[in-house]
Amino acid sequence: MHKSLEKGFADITRALAGPPPQLTPQEIGTVINISTGIAMVSGLPGVGSEELLRFPGEVYGIAFNVDEGEIGVVLLGNYWHLRAGDEVSRTGCVVDVPVGEALIGRVIDPLGRPLDDQEPAKISKRLPIERPAPAIMDRASVSAPLQTGIMTIDALIPIGRGQRELILGDRQTGKTAIAIDAILNQKGRNVICVYCAIGQRASSVAKVIARLRDHGAMDYTIVVVSEGNDPPGLTYIAPYAATSIAEHFMEQGRDVLIVYDDLTHHARAYREISLLLRRPPGREAFPGDIFYIHSRLLERATHLSEENGGGSLTALPIIETEAQDISAYIPTNLISITDGQIYLSPTLFELGILPAIDVGKSVSRVGSKAQFASYRSVTGDLKLAYAQFLELETFARFGTRLDVHTSKILAHGKRIRNCLVQGESQALSLSEQLTLLLALSGGLLDEVPEDKIQDARQSLCAAVSNLSAEAKAELSADETVSDSLRKTVLENARAALKPFLDAPDRVQDV
């Protein structure tokens, strides 16, 4: 007994001699009410704007509205078990997402949780989903091209590494197909791709992932998915989380391509959140800061200077229009934010002209600076000839008698349009595209019957293999096409087109 008392007194003496215990205050709030993806919370006097809050059942939310008497919280998970009176605690941090090489080839949700039935990726670094865009002095001009393999884009509407090119059009006109083709064409080009599905149907996302896997594109692609039945909060943070994942690679000096499919659903999710939080509505019931949520997202896409690693982040946001109205609220917002747009026409789609890109309404504001020099020396006359054709074609439909010169312009324009037709997942190499463009600008296809243009096009692409290794290397180089190379390519093209020119059933176009 005596030894036990001595031990007890010794323990008390040591405790008194040590530092006093510290009490850490913890703020606990209370749920007032729950609505669709939104919780109103009282208490938490020290909460910060956009701070992450913890609810029962490991559900998290973002403090969106921080008012004097209550907090409007956007929930980021299944909230059906939450009830009024539940306790809410602060985390002291903002929403972040895991980043790193371990995510390549994975399918995750905006919080970094796996959706591909695999173990969570082993990640050592996380980044906030909301990050400031690089400063102007940290950026470099866009100068290197991002080849998509689609001749209409690479030749007429070039996209540069670090550019933001909007893809817009009505439903079912092939917007996603163009973006996926661009991802598939990055194989072997040392470009990391991030595909962000925003509010998409699970079946649509599954088809995209299956297509990426079939072509081996998941070896360099990360898929971030927010499904249509997810809470609006997850849909809202999806593009920001995907951009933080992409920025991690850009800051390492790598080239990254990110696809947002699509920002129409993102805008609608933000409108739903804002209306439920009683924020004042504006045009089309969107809140007043709808422009800002997209501008601060797309400003993060850039080309960094060499001092900052020289990496680039190229963004391809997708927008859905209604009844071909590109002057609607969200489309005009995105057009003014981005560096150009690719407009897909439902009329061309119905005529079978795929990809259904309306060259007249599409533009790249970076332009030829984002093209190889070999393109610039070939496509100048092509753009003018195609623009003349599109204008004359409208008048020709009225049955007007046309002179010989106008008929030649129309016939040449039809060959250009037919040559630009390209199937899905049928990417063309740089050499194949330049061979076709040289044949078009040289007028070699003008004598080929219109119904045989596609066969002639395939013959020209196959004839590229007949060129010497030196000619192929010169075509693929970032140099102006020399006169000798032009002559060699045109001679090779004439040989490939000879069977179509000698056809006995050839009919002249009028």
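Here goes a summary of the coordinates provided. (Residues numbered from 1 in each chain as written. Predicted model: local features only at pLDDT ≥ 70, side-chain atom pairs only at ≥ 80, totals over all residues. Heavy atoms only, no water.)

### As for the layout of surface pockets
Okay, so step 1: Considering only enclosed or pocket space, the largest pocket measures out at about 990 Å³ in volume.
Okay, so step 2: As for the largest pocket, its lining consists of 41 residues, and the residues nearest its centre are Gln 172, Gly 174, Lys 175, Thr 176 and Ala 177.
Okay, so step 3: Elements with a minimum of two residues in the lining of the largest pocket: helix H3 (175-184), strand S11 (191-200), helix H4 (202-214) and helix H6 (263-276).
Okay, so step 4: Among the elements that take part in the lining of the largest pocket, H3 stands out by supplying seven residues, more than any other.
Okay, so step 5: Looking at side-chain class alone, the lining of the largest pocket contains 14 nonpolar, 16 polar and eleven charged residues. (1 Å grid on protein atoms, 1.4 Å probe; cavity = no way out; pocket = protein on both sides within 12 Å on 5 of 7 lines; lining within 4 Å. Points joined across faces, edges and corners; volume = space filled by probe spheres on them. Helix = DSSP H or I, 4+ residues; strand = E, 2+ residues; numbered from the N terminus. Nonpolar A, V, L, I, M, F, W, Y, C, P; charged D, E, K, R; others polar.)

### Examining the sheet that holds strand S2 (residues 38-42)
Okay, so step 1: Sheet architecture is closed into a barrel: six strands sit in the order S1-S2-S5-S4-S3-S6, paired in antiparallel fashion. Across the sheet, the mean angle from the axis of one strand to that of its neighbour is 45 degrees, orientation sign disregarded.
Okay, so step 2: Relative to strand S4 (residues 59-66), strand S3 (residues 51-55) runs antiparallel, the two being bridged by four bridges. What sits directly across from Phe 55, in S4, is Val 59. (Pairing = 2+ DSSP bridges. Axes fitted to C-alpha atoms, helices over the stretch in contact; angles between N-to-C directions.)

### Quick look at the side chain of Ser 345
Okay, so step 1: As for its placement among the helices and strands, Ser 345 is situated in the loop between strand S15 (340-344) and helix H9 (346-350).
Okay, so step 2: Leave out the neighbours within four places in its chain, and Ser 345 touches Ala 356 and Asp 358. (Contact = heavy atoms within 4.5 Å.)

### Section: helix H13 (residues 453-463)
Okay, so step 1: Among the residues of H13, those classed as buried are Ile 453, Ala 456, Arg 457, Leu 460, Cys 461 and Ala 463. Along the long axis of H13, the arc covered by the buried residues comes to 160 degrees, so they all point the same way.
Okay, so step 2: Against helix H11 (404-420), helix H12 (430-441) and helix H15 (483-501) lie the buried residues of H13. (Buried < 20%, exposed > 50% of the residue type's maximum accessible area, 1.4 Å probe, protein only. Arc of directions from axis to C-beta.)

### Examining unusual backbone geometry
Okay, so step 1: Here the bond from Asp 261 into Asp 262 is cis, since omega is -10 degrees, no more than 30 degrees from zero.
Okay, so step 2: Note that Asp 262 resides in the loop between strand S13 (255-261) and H6.
Okay, so step 3: Pro 355 follows Leu 354 through a cis peptide bond whose omega is -5 degrees.
Okay, so step 4: Within the secondary structure layout, Pro 355 lies in the loop between H9 and strand S16 (363-364).
Okay, so step 5: Despite not being glycine, Glu 58 shows a phi value in the positive range, around 55 degrees.
Okay, so step 6: In this structure, Glu 58 sits in the loop between S3 and S4.

### Details of the packing of aromatic side chains
Okay, so step 1: Enumeration over the complete set of coordinates arrives at seven aromatic pairs.
Okay, so step 2: With 6.5 Å between their ring centres and 65 degrees between their planes, Phe 64 and Tyr 270 make a pair best called edge-to-face. One end of the pair, Phe 64, is in strand S4; the other, Tyr 270, is in helix H6, and 206 residues separate them in sequence.
Okay, so step 3: A cation over an aromatic ring shows up here: Arg 271 above the ring of Phe 286, its NZ or CZ 4.3 Å from the ring centre. (Phe/Tyr/Trp six-rings, centres within 6.5 Å; stacked < 30°, edge-to-face > 60°. Lys NZ or Arg CZ within 6 Å of the ring centre and 35° of its normal.)

### Points about the packing of H12 against helix H14 (residues 469-476)
Okay, so step 1: Viewed as axis vectors pointing N to C, H12 and H14 meet at an angle of 90 degrees, and their least axial separation amounts to 9 Å. Classified by the interaxial angle, the pair formed by H12 and H14 is roughly perpendicular. Contacts between H12 and H14 involve Leu 430, Ser 431, Leu 434 and Thr 435 from the first element and Lys 472, Leu 475 and Ser 476 from the second.
Okay, so step 2: Of the residues that constitute the contact of H12 with H14, the class distribution is three nonpolar, three polar and one charged. (Parallel < 35°, antiparallel > 145°, perpendicular 65-115°, else oblique.)

### What to know about a nonpolar patch on the surface
Okay, so step 1: Among the surface-exposed residues, Leu 5, Phe 9, Ile 12 and Leu 16 lie close enough to one another that they form a single nonpolar patch of about 460 Å² accessible area.
Okay, so step 2: For Phe 9, the position within the fold is in helix H1 (residues 2-17). (Patch = residues over 30% accessible without salt bridge, like charges linked within 9 Å, V, L, I, M, F, W, Y side chains within 5 Å. Areas by Shrake-Rupley, 256 points an atom, 1.4 Å probe, with all protein chains shown as cover. Salt bridge = Lys/Arg side-chain N within 4 Å of Asp/Glu carboxyl O.)

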